[in-house]
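Residue-level listing of the chains:
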Amino acid sequence: ETQIASILKSSELYPIPQSVKLSYGTAGFRADASLLESTVYRVGILSSLRSLKLKSSTVGLMITASHNKVSDNGVKVSDPSGGMLSQEWEPFADQIANASSPRELVSLIKDFVEKEEIVIGEKGGGEVWLGRDTRPSGERLLRAAEIGVRSVLGSVAVDVGVLTTPQLHWMVRAKNKGLNATESDYFENLVTSFKCLIDLIPINKLEISTLVLDGANGVGGQKMEVLRGYLSNLDVEIRNTGRDGGVLNEGVGADFVQKEKVVPLGFGSEDVGMRCASFDGDADRLVYFYIPSESCGDKVELLDGDKILSLFALFIKEQLNIIGDEGKQCRLGVVQTAYANGASTDYVKEMGLEVVFAKTGVKHLHERAEEFDVGIYFEANGHGTILFSESFLSWLVGKQKDYSEGSDKHNAVSRLVAVSNLINQAVGDALSGLLLVEVILQHMGWSVQKWNELYKDLPSRQVKVEVPDRTAVVTTSEETEALKPLGIQDAINAEIKKYQHGRAFIRPSGTEDVVRVYAEASTQEDADSLANSVAQLVK
Ligand code: 16G
Ligand code: ZN
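Residues numbered from 1 in each chain as written. Chains lettered and ligands numbered in written order. Predicted model: local features only at pLDDT ≥ 70, side-chain atom pairs only at ≥ 80, totals over all residues.

Q: When you look at the overall build of the chain in this model, what are you seeing that I'm missing?
A: What the chain contains, in helices and strands, is 19 helices and 19 strands. In the chain, which comprises 539 residues, the proportion classed as buried is 49%. (Helix = DSSP H or I, 4+ residues; strand = E, 2+ residues; numbered from the N terminus. Buried ≥ 20, exposed ≤ 12 C-beta atoms within 10 Å, placed from the backbone.)

Right under this line is the structure:
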């Protein structure tokens, strides 16, 4: 019929390049940008169908390759909740992305639409909001996405412009909750809740020093420049905005700083001791660092996602304690991955928090965090957020009315409500995470060095091993142990035993053709040596 003709016609414009096999992977499709037009067009179609499936709720489509190099690009879908695309739809994404002809594409879509009982064209169309980061290929890919969306009859594509990934997720979530959902609403929400937390700081502790931000030459630094204009009580100097000739993610950004543990370009000895932070290319990751005075060369002291999580946990726990017995009934939990530094896990456990482990990838952590009243999740690489359950939030709002204004309990409850507004509950967000770190540090009256002393990281080492077939490695659901190849876990355990505080695991990457090795031990030499001997076992 006309629907089939519409897709046949538009798909002629986007033939699939030969010899690429794409997979939706941990966080959407990623490849060299020149290979992606047909993929993005097809994800446009998928997004319209997703919207139709969910009563024409707004769906988000983000064009970004995050921390990967500037010549790469990628595409991922935000579900109407603001979370990642339901994993049930990932196989369909893989199938249509790899369909080799317009006919095959149409037939896959037809079967899927029938199976999912999606009705096209009768009760109105789907609605898809399209965002992109600052990559030069973004605009062209966005056009392909628009054509894909509109090829599903009746569906509309709305270009919401250059955004961070978390901004798009936030906007989609807000839109579907019936709230104001523009980019300025996003900023206004951050500004209001930040100010609210500032106003609740016990006066005597206030301390403001300059924060130096590495924007990764991407969208995050540019958005921070806008946001900074609306904020008082925060002094940020922004470097690597992408306007001074720097290249996106090249020698800069959260992924670089966290993996290499060295200063990003644009930072040096003149910054010794300063509180510094890095975003990644699409600003869904945040890490802090400082250059120690005894630093030789370009080494940094890193405060990674685990340290941020610990700071958030401490602050929230403190508020719950102020509320007293009732507050203590709140189920406050933490979700980490196998990469979490063992010292951070010990730290939050000592605080009395429940800790659970999830597979790498935000969608897995997010799911587990939803099990708590307040669930804090972070990957060591700096992606994370805090989720508040609806029932706990309404309990808090009720208490705000019960307690008398200005009392300690009232303040504590108000702080928690403000945190729930400030933090981006759709997905990890470097901008909102940064504001929360900053206000907590001011609240505590802490320097970055003082914060770093919460616990001392166990030395660790990550290496990657290129193998003919990474799928030969199969792990348990928490990725802490390898089930295949047979016998390898016993060999790894034998290596681990040789070291004090030794811990190691292997896992197949979800984004690259490699097997990753992580090792931890009481000294750096031991961590290095453990990582290397485990890597030998993988080869
Ligand atoms: C993606 C994930 C990130 C994960 C990383 C692991 C999202 C939004 N991003 O970047 O959370 O840490 O993949 O990569 O889920 P790997 O599988 O190659 O180690
Ligand atoms: Zn990212």
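Q: What is the right way to read the UniProt feature "domain: Alpha-D-phosphohexomutase C-terminal" (unreviewed entry) in the chain from this model?
A: Under the present numbering, the feature "domain: Alpha-D-phosphohexomutase C-terminal" (unreviewed entry) in UniProt falls on residues 464-536. Strand forms 29% of residues 464-536 and helix 30%; the C-alpha atoms that close the span are 11 Å apart. (UniProt positions renumbered as here; feature names shortened; annotations may be inferred.)

Q: What is the right way to read the domain arrangement of the chain from this model?
A: Interface size is often expressed as the accessible area that is lost when the parts come together. If you check the domain split of the chain, you get domain 1 (2-162), domain 2 (190-196 + 306-430), domain 3 (205-303) and domain 4 (460-538). Listed by partner, the interface residues are 10 residues for domain 1 and 11 residues for domain 3. Among the residues making up the side of domain 1 that touches domain 3, the classes are represented as two nonpolar, five polar and three charged. (Domains from an automatic or database assignment. Contact = placed C-beta atoms within 7 Å. Nonpolar A, V, L, I, M, F, W, Y, C, P; charged D, E, K, R; others polar.)

Q: What is the right way to look at the sheet that holds strand β11 (residues 332-336) in this model?
A: Backbone-to-backbone hydrogen bonds pair the strands of a sheet. The strands run either parallel or antiparallel. If you walk across this open sheet you meet the four strands as β12-β11-β13-β14, and the pairing is mixed. Each of the sheet's edge strands pairs with one partner strand only, and the pair in question is β12 (354-357) and β14 (384-388). Between one strand and the next, the sheet's axes are offset by a mean angle of 20°, whatever the strand orientation. Sheet analysis places β11 next to β12, joined by four bridges and oriented parallel. (Pairing = 2+ DSSP bridges. Axes fitted to C-alpha atoms, helices over the stretch in contact; angles between N-to-C directions.)

Q: So what exactly am I meant to see when it comes to unusual backbone geometry here?
A: Negative phi characterises most residues that are not glycine, and trans characterises most peptide bonds. Going from Lys 484 to Pro 485, the amide bond is cis rather than trans, its omega being -5°. Along the chain, Pro 485 turns up in the loop between β17 (482-484) and α18 (488-496). Even without a glycine there, the phi angle at Lys 55 is positive, about 55°. The residue Lys 55 is located in the loop between α2 (37-53) and β2 (58-63) in this model. In this model, Asn 217 sits at a positive phi of 55°, which is unusual for a non-glycine residue. Note that Asn 217 resides in the loop between β6 (211-214) and α8 (219-228). Look at Asn 217 and you get buried, because 30 C-beta atoms sit within 10 Å.

Q: When you look at the sheet that holds strand β3 (residues 72-78) in this model, what are you seeing that I'm missing?
A: With respect to topology, five strands assemble into an open sheet ordered β1-β3-β2-β4-β5, the strand pairing being mixed. The sheet is open, and its two edges are formed by β1 (29-32) and β5 (156-162), each paired on a single side. Along the sheet, successive strands turn relative to each other by an average axial angle of 20°, direction set aside. Relative to β3, β1 is paired through four bridges, and the arrangement is antiparallel. Residue pairing for β3: Asp 32 is matched across the bridge by Asp 72.

Q: Before we go on, may I ask you to explain the UniProt feature "active site" (unreviewed entry) in the chain in this structure?
A: Within this numbering scheme, the UniProt entry marks Ser 66 as carrying the feature "active site" (unreviewed entry). Along the chain, Ser 66 turns up in the loop between β2 and β3. When sequence neighbours within four positions are dropped, the list of residues in contact with Ser 66 reads Asp 280, Gly 281 and Asp 282.

Q: Can you walk me through the packing of helix α7 (residues 183-199) against helix α15 (residues 408-422) in this structure?
A: Contact pair α7 / α15: the axes reach a minimum separation of 9 Å and the direction vectors enclose 155°. Taken together, the axis directions place α7 and α15 in an arrangement best described as roughly antiparallel. Once α7 is placed against α15, the crossing between them reads as left-handed. Touching Asn 189, Leu 190, Ser 193, Phe 194, Cys 196 and Leu 197 of α7 are Arg 415, Ala 418, Asn 421 and Leu 422, all from α15. Here the contact of α7 with α15 is composed, by residue class, of six nonpolar, three polar and one charged. (Parallel < 35°, antiparallel > 145°, perpendicular 65-115°, else oblique. Left-handed = near helix turned anticlockwise from the far one by under 90°.)

Q: Please explain the nonpolar core as it appears in this structure.
A: Across soluble globular proteins, nonpolar side chains show a tendency to be buried alongside one another. Counting 146 residues, the largest nonpolar core has Ala 145, Phe 312 and Ile 376 as its most contacted members. Other than its neighbours up to four places away in sequence, Ala 145 contacts Val 40, Tyr 41, Val 43, Gly 44, Leu 61, Ile 63, Leu 130 and Ala 157. (Core = buried A, V, L, I, M, F, W, Y, C linked by C-beta atoms within 7 Å.)

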